[in-house]
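Architecture and fold: a report
Spelled out from the first residue to the last, the chains are:
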Amino acid sequence: MKLIGSYTSPYVRKIFVMLLEKGLTFEFVNDIPWESTSHVPQYNPLGKIPALVTADGEIFYDSPIVAEYIDLLDATPKFVPEDRQQALRVRQLEALSDGICDAAVLLVQEMMRPADKQNSDWIVRQRGKIDRGLDALERHAKEGKWLNGAQMTLADIATGCCLGYLNFRRVAPNWSLERPELVKLAERLFQRESFTRTEPPVT
């Protein structure tokens with residue numbers, strides 16, 4: 001298999017962590033989609049990462065789809081329950097974590113613009129999404145059923161990658177305040193080899 005992506009993408013990291021946790025052999029190709037020399041559009045017509053090329057040459061893209069494919073492979077552990085109702089709960093938390101990342105990415109892009117051209121209302125809107133999303137994750141982490149439970153799920157991996165991205169981009173420096181369950185979850189996940197090996201590079 002071949003994973004196409006960037007070391008700094010939380011969506012790519014989610015897939016990277018899954019592959020490492022399952023002990024699957026793959027090649028990682030670092031390809032920045034917004035660079036003019038990028039080959040990402042050859043794998044995903046939308047020009048987005050991650051993309052996964054299977055041993056048979058089939059291509060899957062969009063991180064939830066890639067994650068679904070990986071968990072269907074004959075490799076353990078499984079990160080999504082077989083029961084479809086239970087799987088739906090885990091996938092919804094994955095979507096919530098990815099959505100927080102979406103807002104964080106938009107926030108990073110907006111704050112890269114000159115200060116006099118930044119849209120303050122847009123920035124407030126994205127910060128609101130991040131805060132509400134983190135509050136929801138905290139509630140689920142405290143419940144410990146689909147997230148922060150005894151067995152690591154895709155929700156845990158997605159949340160860990162989300163929190164790692166917030167730390168990396170420093171767009172929500174106070175996310176840990178009054179969210180003790182997310183802090184505990186992050187501390188536990190960040191000690192795993194799969195997370196230490198996929199930590200974004202310092203730039």
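All figures in this text were calculated on a predicted structure; none of them were measured in a lab. (Residues numbered from 1 in each chain as written. Predicted model: local features only at pLDDT ≥ 70, side-chain atom pairs only at ≥ 80, totals over all residues. Heavy atoms only, no water.)

1. Observations regarding the overall build of the protein chain
Along the backbone of the protein chain there are eight helices and four strands. Since a compact globule built from 203 residues should have a radius of gyration of about 17 Å, the 17 Å found for the protein chain is in line with a globular shape. Along the first, second and third principal axes, the C-alpha atoms of the protein chain reach 50 × 45 × 30 Å. The burial tally for the protein chain puts 48% of its 203 residues in the buried class. Long-range pairs, those at least 24 residues apart, make up 65% of the contacts in the protein chain between residues at least 6 apart in sequence. For the protein chain, the accessible area works out to roughly 11200 Å², and carbon and sulfur atoms hold 50% of it. For the protein chain, the distance from the average position of its 25 positive side-chain charges to the average position of its 28 negative side-chain charges is 4 Å. (Helix = DSSP H or I, 4+ residues; strand = E, 2+ residues; numbered from the N terminus. Rg over C-alpha atoms; globule rule 2.2 N^0.38 Å. Buried < 20%, exposed > 50% of the residue type's maximum accessible area, 1.4 Å probe, protein only. Contact = heavy atoms within 4.5 Å. Areas by Shrake-Rupley, 256 points an atom, 1.4 Å probe, with all protein chains shown as cover. Lys, Arg positive; Asp, Glu negative; His and termini not counted. Charge placed at Lys NZ, Arg CZ, Asp CG, Glu CD.)

2. Focus on empty space enclosed by the protein
Evaluated as defined, the whole model comprises two cavities of 30 Å³ or more. As a volume, the largest cavity reaches approximately 40 Å³. The biggest single contributor to the lining of the largest cavity is helix H1 (residues 10-22), with three residues. Along the lines of polarity and charge, the residues of the lining of the largest cavity split into four nonpolar, three polar and one charged. Of all elements in the fold, only H1 and helix H6 (154-169) reach the threshold of two or more residues within the lining of the second largest cavity. Broken down by element, the residue count for the lining of the second largest cavity peaks at three residues, all from H6. Among the domains, domain 1 (2-72) and domain 2 (84-192) are the pair contributing at least three residues each to the lining of the second largest cavity. (1 Å grid on protein atoms, 1.4 Å probe; cavity = no way out; pocket = protein on both sides within 12 Å on 5 of 7 lines; lining within 4 Å. Points joined across faces, edges and corners; volume = space filled by probe spheres on them. Nonpolar A, V, L, I, M, F, W, Y, C, P; charged D, E, K, R; others polar. Domains from an automatic or database assignment.)

3. Side note on the domain arrangement of the protein chain
Its domain assignment divides the protein chain into domain 1 (2-72) and domain 2 (84-192). One C-alpha centre belongs to domain 1, the other to domain 2, and the line joining them spans 21 Å. A per-residue breakdown of the area domain 1 buries against domain 2 is headed by Pro10, Tyr11 and Lys14, which together make up 43% of the total. Between the two partners, domain 1 and domain 2, sit four salt bridges. The partner of Arg192 in a salt bridge is Glu21, and the shortest N-O contact between them spans 2.8 Å. Taken together, domain 1 and domain 2 are joined by six residue pairs in polar contact (both at pLDDT 80 or more). Of all the elements in the fold, those that place two or more residues in the side of domain 1 that touches domain 2 are H1 and helix H3 (63-72). (Buried area = accessible area lost by both parts, 1.4 Å probe. Salt bridge = Lys/Arg side-chain N within 4 Å of Asp/Glu carboxyl O. Polar contact = N/O pair within 3.5 Å; in protein donor to acceptor, adjacent residues only side chain to side chain.)

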